[in-house]
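# Examination of the molecular architecture
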Amino acid sequence: MGSGQVSKTPGRSKLNDLTAMTRSSKSPRTLLIRLIMLALVLAVAAPQSAFALHRVDPHRHRILRRLRGVLWNPLFRPSHDSLLRQNEEIDRLDLPRIQDDTELEALKASGDLVPIEASESLKIEPSLDPSRRFCRPWTRDFVQDLSEVYYRQFHAQIQVNSAVRTVKVQKKLRRRNRNAAPVDGDTASSHLAGITVDLQRRGMTNEEIRFVEHYLFYLNALGLVEPEEERRHWCFHVAVSGQYSDWRQTQTIFQVAPLEQAAPAPVAVSALTAAN
């Protein structure tokens, strides 16, 4: 290339020519046509612009999905078997799946469902309908015990996100959330019987999560709770056995959390059914 010559690319040359033509155009129609041509040239000359379309690589998508699965590795992963055990306990106790608000209110009036109340160690998700801040008496005992131990350890409150539900409410939930448990069958939601609470997991530190996991592991090994850690809502879903209150009466309420006791890890057994 000789001295004084300037290198030009075809795209750059066309762009300069069109720009000059646009500036010299007097007819509005001619100006519009040339503006359209200018836009086409820019699209060809700059295929990596923000407006360029990028093909989604399905192989890369599968890898990322598997990676997320590896990174999400809770102690109590939700499973079909866990849902079966929760429903086995409901059947053992001969509890009804609450159909609607009429049945719900009747169970409250009879004392079969008791209120979950906020305290120094326990708070309730503000958006939770006050009419559904109820559960079975033994489930409330469990929530109170855990919240008090957690508060002594971290000076923070455990939060209840969900408790009893009716079939009607569960059907609405399933329309919004395809992962929600069904309303009937062997894997129906245990919220329908009032034995289950969802406890907030989001926002906990790793230390706090491990504390709750170990606490639940201890009770799970005794067959007193059936826990799951839900990924979608980042909560501890805990179904509580009807035998919890009887066991509780034989215990001195923990002065320290179960994970702090110098005892070997108990052998895992089928939750809720081990004590049958």
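Everything that follows concerns the structure shown earlier in this document.
So, a few notes on the structure that sits alongside this text. Remember, predicted model here, so these are calculated numbers, not experimental data. Along each chain, numbering runs from 1 in the same order as the chain's sequence is written. This being a predicted model, a pLDDT of at least 70 is required before a residue's local features are given, and a value of 80 or more before pairs of side-chain atoms are given or counted; all residues contribute to the totals for chains, interfaces and linings. To get the side-chain values, all heavy atoms of the structure are used, and hydrogens and water are removed first.

This part covers the pairing of strand E5 (residues 196-200). Among the five residues of E5, four are classified as buried, and the element is accordingly described as predominantly covered. Here, strands pair whenever DSSP counts at least two bridges between them. Where helices and strands are cited, they refer to DSSP runs of H or I of at least four residues and of E of at least two residues respectively, numbered from the N terminus. Note: strand E4 (residues 158-162) against E5, two bridges, orientation antiparallel. Bridging across to E5, Val 160 finds its partner in Leu 199. Strand direction decides the pairing type here: E5 and strand E7 (residues 235-240), joined by five bridges, are antiparallel. Note that in E7 the partner of Asp 198 across the bridge is His 237. Buried, partly exposed and exposed residues are distinguished by accessible area as a fraction of the type maximum, computed with a 1.4 Å probe on protein chains only: under 20%, between the cut-offs, and over 50%, respectively.

Oppositely charged side chains can form a pair if their charged atoms are brought close together. We define a salt bridge as a side-chain nitrogen of Lys or Arg found within 4 Å of a carboxyl oxygen belonging to Asp or Glu. Taken as a whole, this structure holds eight salt bridges when the rule is applied. Close ionic contact of Asp 145 with Arg 248 constitutes a salt bridge, the shortest N to O distance being 2.7 Å. Of the two residues, Asp 145 sits in helix H6 (residues 137-154) while Arg 248 sits in helix H9 (residues 244-249), which places them 103 residues apart along the sequence. Judged by relative accessible area, Arg 248 falls into the partly exposed class, the value being 25%.

Moving on: the side chain of Ser 189. Turning to its location among the elements, Ser 189 is positioned in the loop between helix H7 (167-176) and E5. Under this definition, polar contacts are N or O atom pairs within 3.5 Å; protein pairs additionally need one hydrogen-donor-capable and one acceptor-capable atom, and for neighbouring residues in sequence, both atoms have to be side-chain atoms. A polar contact of 3.2 Å, which involves the side chain of Ser 189, links it to the backbone nitrogen of His 191. Here, two residues are considered to be in contact whenever any of their heavy atoms come within 4.5 Å of each other. The contact partners of Ser 189, leaving out residues within four places of it in the chain, are Arg 165, Gln 170, Ala 181 and Pro 182.

In this model, the largest pocket occupies a volume close to 930 Å³. Cavities and pockets were defined on a 1 Å grid built from protein atoms only: a cavity is a group of points that admits a 1.4 Å probe but offers it no way out, a pocket is an open group of points flanked by protein on both sides within 12 Å along at least five of seven lines, and a lining residue is one with an atom within 4 Å of any such point. Taken together, 33 residues form the lining of the largest pocket, with Arg 165, Leu 173, Asn 177, Glu 230 and His 233 sitting closest to its centre. Looking at the lining of the largest pocket, the elements with two or more residues in it are E4, H7, strand E6 (225-230) and E7. Ranked by the residues each element gives to the lining of the largest pocket, the list is headed by H7, at five residues. Amino acids outside the nonpolar list (Ala, Val, Leu, Ile, Met, Phe, Trp, Tyr, Cys, Pro) and the charged list (Asp, Glu, Lys, Arg) are all regarded as polar, and Gly is one of them. Grouping the constituent residues of the lining of the largest pocket by class yields nine nonpolar, 12 polar and 12 charged. Grid points are joined across faces, edges and corners, and a volume is the space filled by probe spheres set on the points.

Right, let's talk about the packing of H6 against helix H8 (residues 206-221) for a bit. Each pair of packed helices can be described by the angle between their axes along with the distance between the axes. Between N-to-C directions, angles span 0 to 180 degrees; the directions come from axes that are lines fitted to C-alpha atoms, helices contributing only their stretch in contact. Where H6 meets H8, the closest approach of the two axes is 11 Å, and the angle between their N-to-C directions is 140 degrees. The orientation of H6 with respect to H8, classified from their angle, is oblique. As H6 runs across H8, the sense of the crossing is right-handed. Between H6 and H8, the contacting residues are Phe 142, Asp 145, Leu 146, Val 149, Tyr 150, Gln 153 and Phe 154 on the first element and Glu 207, Glu 208, Phe 211, Val 212, Tyr 215, Leu 216 and Leu 219 on the second. The class makeup of the residues in the contact of H6 with H8 is 10 nonpolar, one polar and three charged. Oblique is the label for every angle not falling under 35 degrees (roughly parallel), over 145 degrees (roughly antiparallel), or within 65 to 115 degrees (roughly perpendicular). Take the far helix as your reference; a near helix turned counterclockwise from it by less than a right angle gives a left-handed crossing, and one turned clockwise gives a right-handed crossing.

Now for H7. All buried positions along H7 are accounted for by Val 167, Gln 170 and Leu 173. The buried residues of H7 occupy an angular sector of 115 degrees when projected down its axis, which confines them to one face. Away from its buried face by more than 90 degrees, H7 exposes Lys 168, Arg 175 and Arg 176. Comment: arc refers to directions from the helix axis out to C-beta atoms.

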